[in-house]
Structures are given as C-alpha cells and as structure tokens.
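Residue-level listing of the chains:
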Amino acid sequence: MIFQFGIVIFALLVILRTYGQYKKELVSRYWLLAFSLLWVLIGVAAIIPHTTDDIAHFVGVERGADMLVYIAVLVLLYAVYRLFVRVQKMHEEITELVRQIALASPKVPVKKGERGE
Amino acid sequence: MSLTVAVIPAFNEEKRVALAVQDALSACGAVVVVDDCSTDRTNQTAYAAGAYVLRHVINRGQGAALETASDFAVRNLGADIVVHFDADGQMTAADIPYMIEPILKDEADVVLGSRFMGKEVENMPASRRAVHVGARLFTLLMSGIRLTDTHNGFRALSKDSAKKLRISLDRMAHASEILDLIAARRLRVVERPVTIKYTEDTLEKSLKIQGGSIARTIRIVKDLIKKRLIG
C-alpha cells in the first residue's frame, strides 16, 4: 500500500515538474504530453495493478509486473544505444574541430638557406 | 616533378621524431608532423628538424592525426603523393622511392608496405607474429583484400586516393578502415616489401601505451565493430 501510494505521489510530482519546465519553455509540448502520459499510466498501474496483468495476458506475458520489467529493459537498451550513437557523433565532431584548429595554424619550417646556415 | 610529402603522426616522440623527420626529408619534398597533443617537446623537436608541424589541441589518436596531416599535405602543400610514415624510427625512408614507384608509373593508387615480402623483419616478437596472422584472415573476411601484411603503417597514396580515403576512426583501427575504404572505392592497391625495425625502445613504448598486442587487438576489433554497427 505504501509502495503504491509512493508511486502515485512521485508520478504527480514528475508531471507537475514537467509542466513547470514546459511553462519555462525548457521542454517541448510533445515531450510534456508523452512524459505525462507515461507517468499517468504508471500511476494507473500502481492504483489498479490488475490492469497491467490484463494487458500482460493480452500480449502473452504471465504477470503485469514481469511485462513492465521487460518493457523497461527494452527502453533502457534503446536509450543506451541512442546515447552511444550520440557520443560517437560528438567524438567525430571534436576531432573535426581539433583538426580545423590544427590546420588553421601550421608551423612552417624555415628553409636551411634562408636561415643562413 | 611530383611532390611527395611524408606525414607523421606523433604523440610524445621527442626522442625519436627528429631522426624520423630528417630521414623522411632525405626522400620527400616535405614532411608534415601532427603533434597529437604531446606533453613533451615533440612539437619543437620536429619543427627544428625541418617539418611542418600541426598541433592537435586534444589528443585524438593516430588515425585522426594521419587524416589531419594528409589533409594539410594535399590541400595546403599541393602534394601529389602522400606517404604515411612513423615517428618512432621503425620505418626507413630508403624504402620510400620503391613505395611511390607504382604510383609514379600510374600502376597503383595505393601502395602498402609489407613486412613479410622478402625483406627481413628485425626482432619481431612471436606474440606479434600470431596477431598478424589473425589480422590477415580478419581483413580477408571483412574487406575481401588479400594482403601479406595488414597493419603496417607504411603507406603511399596518390593525391586522389588520399582525398578519397577520409579516415574517420580516430584510434588504431584506422588501418583496417583504410583497407575497407580501398575496397569500397575500388582503388588499385599493390604491396611493396619494407624493412621494419623492432627495437627494444619501441616495443617498450607500445606496451606502455597500448597494453600489449592482445589488448590492442581487442580494442581495434571493438572500434571496427562499432563502426559497422552505427557508421
């Protein structure tokens, strides 16, 4: 019971906070709606746990909680993949930046004759 | 008269880079050293030895340094041939005329040095030999190019092929990437025997930096797989 209650409170806080960020134009409307919907669903699942069981049965998983764990793992894997791609891209951009800086200021050798040697 | 430019990526090579630059200058019109954010006097030493010196303000690895140097050689110096050379004196510039010959005769776009074609390898450790056999097989499978030596840093590229081979893998996997690109761009490639000296000094260095052949190989393969998955 405490667990359920905690989740609902947490979900409400997250939604409120996201709304606040939306007001400050820190996140897009799309993000606000998607994120709020997610937390509403989480809240519903916490209050009426058998809804997740029903959905789980529908898609062929035995328990709702199991299904949530499977979904969470997939979402996290995808998030890691996206981050990985982004970091890789950033590495390439840093290299390009470093390259342009290097190309902009080459040290040109003095020819031996010109140095008077 | 065509201009041959040697490009040398260098990271903390103050002890050896001057010799490498002077050696390369004996066979090339100009030498470009990319100081890959060295913390020693590599930059000054290379410059004093007569090289063009470019500095990476952040260490980006050998592949990135090679690309920067080639870019500079072709675009700023108007190089007709770019030679990939080493900072640590493992290679000898006496091989350069033989390396560039097929390009001058327009028989090849890319010439790769090979340690296993006739000339003797001095002091190559057995563990490293084993890694090379695996690397040859890996390259044949991945790029479809049959070579006697796959990860030799000694290369000569015509101006056009240097432009076509943009190296994007920053660290050591660029050697395999270059082979992939040669295959993808359908460039004419030949091998030439070269002498590579393994001195105690350089072996010790590569152990320190890369953690030995096995760890290095794992890292290269990892970089390549990453490239194939998301590149």
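Presented here is a report on the structure given in the accompanying data block. (Residues numbered from 1 in each chain as written. Chains lettered and ligands numbered in written order. Predicted model: local features only at pLDDT ≥ 70, side-chain atom pairs only at ≥ 80, totals over all residues. Heavy atoms only, no water.)

Moving on, we get to the overall build of chain A. Looking only at helices and strands, chain A has four helices and zero strands in total. The order of α-helices and β-strands along chain A, N terminus first, is α-α-α-α. A compact globule built from 117 residues would reach a C-alpha radius of gyration of about 13 Å, whereas chain A, at 27 Å, exceeds it by more than 25%. The dimensions of chain A, computed from C-alpha atoms along their principal axes, are 90 × 35 × 25 Å. In chain A, which comprises 117 residues, the share counted as buried stands at 19%. (Helix = DSSP H or I, 4+ residues; strand = E, 2+ residues; numbered from the N terminus. Rg over C-alpha atoms; globule rule 2.2 N^0.38 Å. Buried < 20%, exposed > 50% of the residue type's maximum accessible area, 1.4 Å probe, protein only.)

Residue and element names in this part refer to chain B. Positionally, His-56 belongs in the loop between strand 3 (52-55) and helix 3 (62-75). Judged by its relative accessible area of 0%, His-56 is buried. Polar side-chain contacts of His-56 include one of 2.8 Å to the side chain of Thr-68. (Polar contact = N/O pair within 3.5 Å; in protein donor to acceptor, adjacent residues only side chain to side chain.)

With that settled, consider the packing of aromatic side chains. All told, the structure shown has six aromatic pairs over all chains when counted by the stated rule. Measuring from centroid to centroid gives 5.5 Å for Phe85(B) and Phe154(B), while their planes differ by 75°, and the two rings are edge-to-face. Taken together, the positions of Phe85(B) in the loop between strand 4 (81-84) and helix 4 (96-104) and Phe154(B) in the loop between helix 5 (126-143) and strand 6 (155-158) put the pair 69 residues apart, joining distant regions of the chain. Its relative accessible area of 2% is what places Phe85(B) among the buried residues. Counting every residue linked through ring pairs, the aromatic cluster contains Phe10(A), Trp31(A), Phe35(A) and Trp39(A). Over the face of the ring belonging to Tyr47(B) we find Lys107(A), whose NZ or CZ atom lies 5.0 Å from the ring centre. (Phe/Tyr/Trp six-rings, centres within 6.5 Å; stacked < 30°, edge-to-face > 60°. Lys NZ or Arg CZ within 6 Å of the ring centre and 35° of its normal.)

Another aspect to go through is helix 1 (residues 2-23) of chain A. All names here are of chain A. If you check helix 1, its first and last C-alpha atoms are 31 Å apart, about what 22 residues at 1.5 Å a residue would give, namely 32 Å. For helix 1, the full list of buried residues reads Ala-11, Val-14 and Thr-18. Seen along its axis, helix 1 keeps its buried residues to an arc of 65°; they face one direction. In helix 1, the exposed residues that point more than 90 degrees away from the buried face are Ile-2, Phe-5, Leu-13, Leu-16, Arg-17 and Lys-23. Backbone geometry just after helix 1 places Glu-25 at a positive phi near 60°. (Expected span 1.5 Å × (residues − 1). Arc of directions from axis to C-beta.)

On to the pattern of salt bridges. Should their charged atoms come close, side chains of opposite charge can pair. Residues and elements named next belong to chain B. Counted according to the given criterion, the structure contains 10 salt bridges over all chains. Note that Asp-71 is salt-bridged to Arg-75, the shortest N-O span being 3.3 Å. Of this pair, Asp-71 and Arg-75 both sit in helix 3, four residues apart, which is roughly one turn of the helix. Judged by its relative accessible area of 10%, Asp-71 falls in the buried class. As a salt-bridge pair, Lys-105 and Glu-101 come within 3.2 Å of each other at their nearest N and O atoms. Here Glu-101 falls in the partly exposed class, since its relative accessible area comes to 31%. In the salt-bridge network here, residues are joined through shared partners; they are Asp-106, Asp-109 and Arg-188. (Salt bridge = Lys/Arg side-chain N within 4 Å of Asp/Glu carboxyl O.)

In this fold, Leu137(B) is placed in helix 5. Between the alpha carbons of Leu137(B) and Val189(B) there is a distance of 18 Å; along the sequence they are 52 residues apart.

Before going further, it helps to examine the environment of Arg55(B). For Arg55(B), the position within the fold is in strand 3. When the C-alpha atoms of Arg55(B) and Thr68(B) are compared, they prove to be 9.6 Å apart, with 13 residues separating the residues in sequence. Beyond its immediate sequence surroundings of up to four residues, Arg55(B) is in contact with Ala102(A), Asp35(B), Cys37(B), Ser38(B) and Asn43(B). At 2.7 Å, the side chain of Arg55(B) forms a polar contact with the side chain of Asp35(B). (Contact = heavy atoms within 4.5 Å.)

On the side of chain A, 20 residues touch chain B, which itself brings 23 residues to the contact. Where chain B meets chain A, there are zero salt bridges. For the pair chain B and chain A, the number of links is seven residue pairs in polar contact (both at pLDDT 80 or more). Of all the secondary-structure elements, those providing two or more residues to the side of chain B that touches chain A are helix 2 (42-48), strand 3, helix 3 and helix 9 (212-230) of chain B. A total of six residues in the side of chain B that touches chain A trace back to one element, the largest contributor, which is helix 3 of chain B.

Taking 1.5 Å per residue as the helical rise, helix 4 (residues 64-104) of chain A with its 41 residues ought to reach 60 Å, and the 60 Å between its terminal C-alpha atoms agrees with that figure. What helix 4 of chain A keeps buried is the set Gly64(A), Met67(A), Gln88(A), Thr95(A), Val98(A), Arg99(A), Ala102(A) and Leu103(A).

In short, the description is geometric, and any link to function would need to be established separately.
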